[in-house]
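If you want the building blocks of each chain, they are given just below.
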Amino acid sequence: MICDFFSCYILSKVVCKRCSTESIAFDNTWDFCLNFSTNDNGDIMKMIENFLKEETIAEDYYCSNCKGILFFMIDFKACTRKLYLYRIPQILVLQIKRFSYGKYSKQKMNNRIKAPTTLNLSRFISTNTSHPNIKSSVYDLVGVVNHSGEINYGHYTAECKNPINGKWYNFNDSSVS
């Protein structure tokens, strides 16, 4: 039952650039882990676009049609991967990764996030989707978890919308305001 509310299937399509063979796989996830980038200007829709965009596979890849391994360092741009939303959940959870790890450092990115009150994912859904649970690809924002502090310490609070009166409340430990 919980799966019906939170589970999402992402279709992963890998294309071999040597023989043009397409390989398809499905990944089940409970949330979208979106990378925060200063290039996104805190825009959640841009983060989702970057999460799903086509990318070059930066690792060795075995193509079942070519019957060989495509070596990333030799066959540069040998394969690409594109993600599509195949089955979206009834309740969407977005996790924004705001921590940056360098070779000798790690830091929290404190830029603001632009969270729309309504999010429409219809343009990201695979055209092959025919799942009966997909009634709507439009989501209303009902809660946000905030972290204050640095990467190694801090405090979490939450802001949630009351579905009855439409007001937003701040939850901070035992205090609600």
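Position labels on residues start from 1 in each chain and follow its written sequence. Per-residue local features are limited, in this predicted model, to residues with pLDDT of at least 70; the limit for side-chain atom pairs, both in listing and counting, is 80 or more; totals at the level of whole chains, interfaces and linings are taken over all residues. Computation of side-chain values covers all heavy atoms of the structure but excludes hydrogens and water.

A.B. asks: Please clarify how helix 2 (residues 44-52) should be interpreted in this entry.
C.D. replies: Note: α-helices contain 3.6 residues per turn, so residues at a spacing of three or four share the same orientation. When accessible area is computed with a 1.4 Å probe and restricted to protein chains, residues below 20% of their type maximum are described as buried, those above 50% as exposed, and intermediate ones as partly exposed. The secondary structure listing takes helices from DSSP runs of H or I that are at least 4 residues long and strands from runs of E that are at least 2 residues long, numbered from the N terminus. When we look at burial in helix 2, the residues that qualify are Ile44, Met45, Met47, Ile48 and Leu52. Down the axis of helix 2, the buried side of the element spans an arc of 160 degrees, and every buried residue falls inside it. The elements touched by buried residues of helix 2 are strand 3 (32-35), strand 7 (79-87), strand 8 (94-97) and strand 11 (118-120). Looking at where helix 2 begins, the residue whose side-chain oxygen comes 2.8 Å from the main-chain nitrogen of Met45 is Asp43. In this description, the arc belongs to the directions extending from the helix axis to the C-beta atoms. A contact between two residues is defined here by any heavy atoms of the two lying within 4.5 Å. Definition of a polar contact: a pair of N or O atoms within 3.5 Å, with one able to donate and the other able to accept a hydrogen when the atoms are protein atoms, and with sequence-neighbouring residues admitted only if both atoms are side-chain atoms.

A.B. asks: Would you mind showing me how to read the pattern of salt bridges here?
C.D. replies: In a structure, side chains of opposite charge can pair up when their charged atoms sit close to one another. When a carboxyl oxygen of Asp or Glu is within 4 Å of a side-chain nitrogen of Lys or Arg, the pair counts as a salt bridge. Summed over all chains, the structure comprises 3 salt bridges. For the salt bridge of Glu22 with Lys13, the shortest nitrogen-to-oxygen distance reads 3.9 Å. Looking at Lys13, the relative accessible area reads 23%, which means it is partly exposed. The closest approach of N and O atoms between Glu55 and Arg81, which form a salt bridge, is 3.2 Å. With a gap of 26 residues between them, Glu55 in strand 4 (residues 55-56) and Arg81 in strand 7 connect regions that are remote in the sequence. Using a relative accessible area of 36% as the deciding quantity, one classes Glu55 as partly exposed. For Arg81, a relative accessible area of 25% corresponds to the partly exposed category.

A.B. asks: Got a minute to help me understand the sheet that holds strand 2 (residues 22-29) in this structure?
C.D. replies: Strands in a sheet are paired, the pairing made by backbone hydrogen bonds, and the direction either parallel or antiparallel. Pairs of strands are assigned from DSSP output, requiring at least two bridges between the strands. If you walk across this open sheet you meet the 4 strands as 2-1-7-4, and the pairing is antiparallel. Edge positions in the open sheet fall to strand 2 and strand 4, since each of these has one partner strand only. Alignment of strand 1 (residues 8-16) against strand 7, held across 8 bridges, turns out to be antiparallel. From the neighbouring strand, Cys16 faces strand 7, where its bridge partner is Cys79. Where helix 2 meets the sheet, its contacts fall on strand 1 and strand 7, and the angle it forms with strand 7 comes to roughly 125 degrees. Here the axes come from fitting lines to C-alpha atoms, over the contacting stretch only for helices, and the angles between their N-to-C directions go from 0 to 180 degrees.

A.B. asks: Is there a simple way to explain the layout of surface pockets in this structure?
C.D. replies: If a probe as big as a water molecule is rolled over the atoms, it shows which places are left empty. By volume, the largest pocket is sized at about 1,200 Å³. Method remark: on a 1 Å grid restricted to protein atoms, a set of points is classed as a cavity if a 1.4 Å probe fits but cannot get out and as a pocket if it is open with protein on both sides within 12 Å along at least five of seven lines; lining residues have an atom within 4 Å of a point. In this structure, the largest pocket is lined by 32 residues; those nearest its centre are Leu94, Ile96, Gly143, Val144 and Val145. Of all elements in the fold, only strand 8, strand 11, strand 12 (138-140) and strand 13 (143-149) reach the threshold of two or more residues within the lining of the largest pocket. Here the element with the most residues in the lining of the largest pocket is strand 13; it accounts for 5 residues. Just so you know the grouping, Ala, Val, Leu, Ile, Met, Phe, Trp, Tyr, Cys and Pro go in nonpolar, Asp, Glu, Lys and Arg go in charged, and all remaining residues, Gly too, go in polar. When grouped by side-chain class, the residues that make up the lining of the largest pocket number 18 nonpolar, 9 polar and 5 charged. Grid points are joined across faces, edges and corners, and a volume is the space filled by probe spheres set on the points.

A.B. asks: How should I be thinking about the nonpolar core in this particular structure?
C.D. replies: It is characteristic of soluble globular proteins that their nonpolar side chains tend to be buried jointly. Phe32, Ile48, Leu85, Leu119, Leu121 and Phe124 are the most contacted members of the largest nonpolar core, which totals 20 residues. Within the residue set of this core, elements represented by two or more residues are strand 1, strand 3, helix 2 and strand 7. The biggest single contributor to this core is helix 2, with 5 residues. Beyond its immediate chain neighbours, meaning those up to four positions away, Leu119 contacts Ile44, Met45, Ile48, Leu92, Leu94, Ser137, Val138 and Tyr139. What we call a nonpolar core is a set of buried Ala, Val, Leu, Ile, Met, Phe, Trp, Tyr and Cys residues that are connected through their side-chain atoms within 4.5 Å.

A.B. asks: What exactly am I supposed to notice about the pairing of strand 2 here?
C.D. replies: Walk down a regular strand and you will see the side chains alternate between the two sheet faces. Of the strand pairs in this sheet, strand 1 and strand 2 are connected by 8 bridges, and their pairing is antiparallel. By the bridge assignment, Val14 is partnered in strand 2 with Ser23. Counted along the chain from strand 1 to the antiparallel partner strand 2, the turn is 5 residues long, and its residue Ser20 has a positive phi close to 70 degrees.

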